[in-house]
Amino acid sequence: MTQEPTLGPALAILLVPALAALGLALVPAWRLAARLNVVASGLTLASAAWLAAAPPAPTPLLLVDDFNLYLVLLTAFVGFTTSLFSAGYVAHELEDGRLTPRSLRFYHAMFQAFMLAMLLALLANNLGLLWVAVEGATLTTVLMVSLYRTAAAIEAAWKYFILCGVGIALALFGTILMYLSAQPLLGGGAAAMTWTALLAVAPRIDPGVLDLAFVFLLVGYGTKVGLAPLNGWLPDAHAEGPTPISGVLSGLLLNVALYAVLRFKMLMGANGQVLPPGTLMAAMGLATLLLAAFMLHRRRDMKRFFAYSSIEHMGLMAFAFGIGGPVANFAGLLHMTLHSLTKSAIFFAVGHVAQAAGTQRMDRVTGLTASHPALGWALVAGVAAIAGLPPFGLFMSEFLLVTSAFATHLVPASLLALGLLVGFAALVARVQGMAFGPPMEGVRELRAPLAPLYAHLALVLVAGVWLPPPLAAWFQSVAGMLG
Amino acid sequence: MGEIGYDTAHLLGALVLLTSFALLSQRRLSALISAFALQSALLAAAAAWQGLIQDSPHLFVTAAIALLLKAVAIPLALRRVMERFGIQRAAEPALGVGPTLVAGVSLVTLSLLLVIPTTAASAALTREDLALALSVVLLGLLMMITRRNAIGQVVGFMSLENGLILAAVGVKGMPLVVEMSVAFAVMVAFIIFGIFFFQIRERFDSLDLRRLDDVHAEEEGP
């Protein structure tokens, strides 16, 4: 006889980072804290695996289904590899005197608090809880972006806080409207804020209020996704914060915000009488992609450069989910996963490069494949993957999207292809300068382990060559859910 | 109760909106902070009144939080920041008062045109309250755009949050969790703002955000 799955794993995955955040705030020894951070992230990953093995039934507060389960696994995995990278990174920063043991204590506690907020946002079944979690994730990252205390870092954090504060306020207004629209059907109280209950009555919700709510939610959470026009915070926050944070911002937080938008889009889809939500989303995504692709050509700072590349890819995903249908949704989901893995790997590489070369300016970095072959070639591979070259997995998702879009939406698809080509040209031009040519003088040896970087790239490569059938079936079922 | 309850709720909502216009037109920082305190006190009254007519006691908690934190504690703290750093008194709006008010009136019109027709099915009190609340939110946004000064932007942000609370208390039976979280967010936000104020002071000897832009321009290079 099988036992009814309990809430145990869902609680474990939230309790581990919560306790770790509290514990790490009390540990003054930074070496120990960095190790504990790795252990806690590993335990979170183990809990995620447990959750996947025994997903519990939905409760009023927590929900586990195929859609968020794969994002939880991805978040826990990238969180774990980032904690490994972070341990080497912070040791180096401490040696250079850019960080102090005190600020590191704060950093480690915030890292775990950030993981907690993201996992809570993914697992939340209550719209209020989702909003609180996204707000929490914003606050913790604002604090981490300002960690270096330089003028530029404070400016970036300020901009991040103000823009995302506005975005989050708009999202709350949308949440209130959503409650207002469901309240006549579900009565007052928590039921009208519960996602599963809302989905059940979605066909009968007043479409007018739902339209209004979705616009606020799309612009609000879209700010955090990095969709135009409110994406000015993203490049600065990536460039000025510690590199492990840039990795998790791009790889994970943007996904979480996109996940929130998609949940609401599912509600809209289930209603059927509203304005088509996908059109608005696809238009915003396409505008974002084109803007970012052209902006890529003007960038000099390497972290800022790859942050613009993240904006470009988030625009691509918004476009994919916007046009919808089984193929485009499948491509969007695959792209979401592989972009996370690739972009965090690139940020790991960029972190190593900046520490070895002592600068973030791309024009001052040359000949990495000669001076640091293991790192230089990994960077080349990562950039090739993000540019969408075969045999890496992103080629497959972009190819699927472009071909399916051309079949149904000719003009937007042409613009999409143009944007991808423009972005591709910028990526190739920059990586050539950095990876080849005469090696730099005065570079330092690199001691940090490259294992997380290689693990990510290997996964992206494997996904491009052979996508395991169970995983493909999983993505197909989620693509069906998204409609 | 019906008529009076309805009219008083409208009156309080409209007064909150009126103070938003006062916030937009103030030139002096200390007057700005006073106007914000007044708005928060009116918001507390609106929340308490809604608690009374909806018969939901938890709204009194919301009212108390708004009154203690936003009408008293935060304005006091902001004044202390101003005193300690000897910040100049003028609020330096980026746009003249006239154009700002014209933009404000247009935003209120916009929110009325947007909310009233789309929410035809909801209770009358709720729809009009929501339109007022959206106006306060939009005016808060406008204020954040038109003020260059850090304190001006913070006040704009908090006034925007006042609009959100006005919306939340106007909708019947909204669970407490949202209001608590908003109040919590304000608190956390203020702590963060405090840190920023401190560091901006340390680095620039001014709370003028344009200087931050200058720093940025130098680092980015031509």
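Predicted model, so just to flag it, every value in this text is computed and none were measured.

**Q** Would you mind showing me how to read the overall build of chain B here?
**A** Helix and strand counts for chain B come out as eight helices and zero strands. The helix and strand sequence of chain B, counted from the amino end, reads α-α-α-α-α-α-α-α. When the 222 residues of chain B are sorted by exposure, 46% land in the buried category.

**Q** Would you mind showing me how to read the overall build of chain A here?
**A** From N to C terminus, chain A includes 19 helices and zero strands. Taken over the C-alpha trace, chain A has a radius of gyration of 21 Å; the compact-globule value for 483 residues is 23 Å, and the two agree within 12%. Here the C-alpha coordinates of chain A stretch approximately 70 × 55 × 50 Å along the principal axes. Residues counted as buried form 62% of the 483 residues belonging to chain A. Restricting to contacts in chain A with at least 6 residues of sequence separation, those with at least 24 account for 82%.

**Q** Explain the packing of helix H2 (residues 29–54) of chain B against helix H6 (residues 150–170) of chain B here, please?
**A** Between two packed helices, both the angle of their axes relative to each other and the distance between the axes serve to describe the pair. All names here are of chain B. Viewed as axis vectors pointing N to C, H2 and H6 meet at an angle of 10°, and their least axial separation amounts to 10 Å. With respect to H6, the element H2 is oriented roughly parallel. Listed contacts from H6 to Leu-29, Leu-32, Ile-33, Phe-36, Gln-39, Ser-40, Leu-43, Ala-46, Ala-47 and Gln-50 of H2 are Ile-151, Gly-152, Val-155, Met-158, Ser-159, Asn-162, Ile-165, Leu-166, Val-169 and Gly-170. Classifying every residue of the contact of H2 with H6 gives 13 nonpolar, seven polar and no charged.

**Q** Just checking my understanding: could you explain the confidence of the model for chain A for this structure?
**A** The predicted coordinates of low-pLDDT regions are not to be read in fine detail. Here chain A averages 89 in pLDDT, and 99% of its residues register 70 or above. Put simply, helix H6 (residues 151–186) of chain A is where chain A has its lowest mean pLDDT, 86, and helix H12 (residues 302–323) of chain A is where it has its highest, 94.

**Q** Would you take a moment to explain the packing of helix H16 (residues 393–408) of chain A against helix H17 (residues 410–435) of chain A for this structure?
**A** All names here are of chain A. Two elements in contact, H16 and H17, have axes separated by 8 Å at closest approach and are oriented at 150°. One finds that H16 runs roughly antiparallel with respect to H17. Between H16 and H17, the contacting residues are Glu-398, Val-402, Ala-405 and Phe-406 on the first element and Leu-410, Pro-412, Ala-413, Leu-416, Ala-417 and Leu-420 on the second. Considering only residue class, the contact of H16 with H17 consists of nine nonpolar, no polar and one charged.

**Q** Sorry if this is basic, but what is going on with unusual backbone geometry here?
**A** It is generally the case that most residues other than glycine have a negative phi and that most peptide bonds are trans. Residues and elements named next belong to chain A. A cis geometry characterises the amide bond from Ala-228 onward to Pro-229, with omega recorded as 5°. Secondary-structure assignment places Pro-229 in the loop between helix H8 (207–225) and helix H9 (233–240). Residue Pro-391 follows Pro-390 across a cis peptide bond; omega there is 5°. Checked against the element boundaries, Pro-391 lands in the loop between helix H15 (373–386) and H16.

**Q** Looking at this structure, how should I read the nonpolar core?
**A** The tendency in soluble globular proteins is for nonpolar side chains to be buried as a group. Residues and elements named next belong to chain A. Formed by 252 residues in total, the largest nonpolar core has its most connected members in Met-118 and Ala-121. For this core, the element with the most residues is H6, which contributes 24 residues. Each residue touching Met-118, except ones within four places of it in the same chain, is listed here: Thr-75, Ala-137, Leu-252, Leu-253 and Val-256.

**Q** Honestly, H12 of chain A in this entry has me stumped. Any pointers?
**A** Because an α-helix packs 3.6 residues into every turn, residues spaced three or four apart end up facing the same way. Residues and elements named next belong to chain A. When the terminal C-alpha atoms of H12 are compared, their 32 Å separation across 22 residues agrees well with the 32 Å that a helix rising 1.5 Å per residue should span. For H12, a buried count of 22 out of 22 residues is recorded, marking the element as mostly surrounded by other parts of the structure. Just downstream of H12, Gly-324 is the residue with a positive phi angle, here 65°.

**Q** When you look at H2 of chain B in this model, what are you seeing that I'm missing?
**A** Look at H2 of chain B: 37 Å from first C-alpha to last across 26 residues, which is about the 38 Å you get at 1.5 Å a residue. Positive backbone phi, at 60°, marks Asp-55 of chain B, one or two positions downstream of H2 of chain B.

**Q** Just to check I follow, could you spell out the environment of Ala-12 of chain A for this structure?
**A** Along the chain, Ala-12 of chain A falls in helix H1 (residues 8–25). When sequence neighbours within four positions are dropped, the list of residues in contact with Ala-12 of chain A reads Ser-47 and Trp-50 of chain A.

**Q** For this particular structure, what's the right way to read the environment of Val-169 of chain B?
**A** Examined against the element boundaries, Val-169 of chain B turns out to sit in helix H6. Sequence separation between Val-169 of chain B and Ala-47 of chain B is 122 residues; the distance between their C-alpha atoms is 5.9 Å.

**Q** Would you take a moment to explain the environment of Leu-62 of chain A for this structure?
**A** All names here are of chain A. Along the chain, Leu-62 turns up in the loop between helix H2 (30–53) and helix H3 (66–95). Accessibility expressed as a C-beta count within 10 Å gives 19 for Leu-62, which makes it partly exposed. It is 46 Å that separates the C-alpha atoms of Leu-62 and Ala-435, two residues lying 373 residues apart in sequence. Apart from the residues lying within four places of it in its own chain, the contact partners of Leu-62 are Ala-10, Leu-123, Ala-124 and Asn-125.

**Q** Can you help me understand the confidence of the model for chain B in this one?
**A** Residues and elements named next belong to chain B. The predicted model of chain B averages 77 in pLDDT, with 71% of residues at 70 or higher. Looking over chain B, one finds the lowest element-wise mean pLDDT in helix H8 (residues 209–220), namely 49, and the highest in H2, namely 90. Confidence drops under pLDDT 50 across residues 202–206; counting only partners more than four residues distant or on other chains, this segment forms four contacts. Taken together, the stretch residues 215–222 has pLDDT below 50 and engages in seven contacts with residues farther than four places along the chain or on a different chain. Across the whole predicted complex the pTM is 0.90, and at the interface the ipTM reaches 0.85.

Definitions and cut-offs
Residues numbered from 1 in each chain as written. Chains lettered and ligands numbered in written order. Predicted model: local features only at pLDDT ≥ 70, side-chain atom pairs only at ≥ 80, totals over all residues. Helix = DSSP H or I, 4+ residues; strand = E, 2+ residues; numbered from the N terminus. Buried ≥ 20, exposed ≤ 12 C-beta atoms within 10 Å, placed from the backbone. Rg over C-alpha atoms; globule rule 2.2 N^0.38 Å. Contact = placed C-beta atoms within 7 Å. Axes fitted to C-alpha atoms, helices over the stretch in contact; angles between N-to-C directions. Parallel < 35°, antiparallel > 145°, perpendicular 65-115°, else oblique. Nonpolar A, V, L, I, M, F, W, Y, C, P; charged D, E, K, R; others polar. pLDDT = per-residue confidence, 0-100. Core = buried A, V, L, I, M, F, W, Y, C linked by C-beta atoms within 7 Å. Expected span 1.5 Å × (residues − 1).

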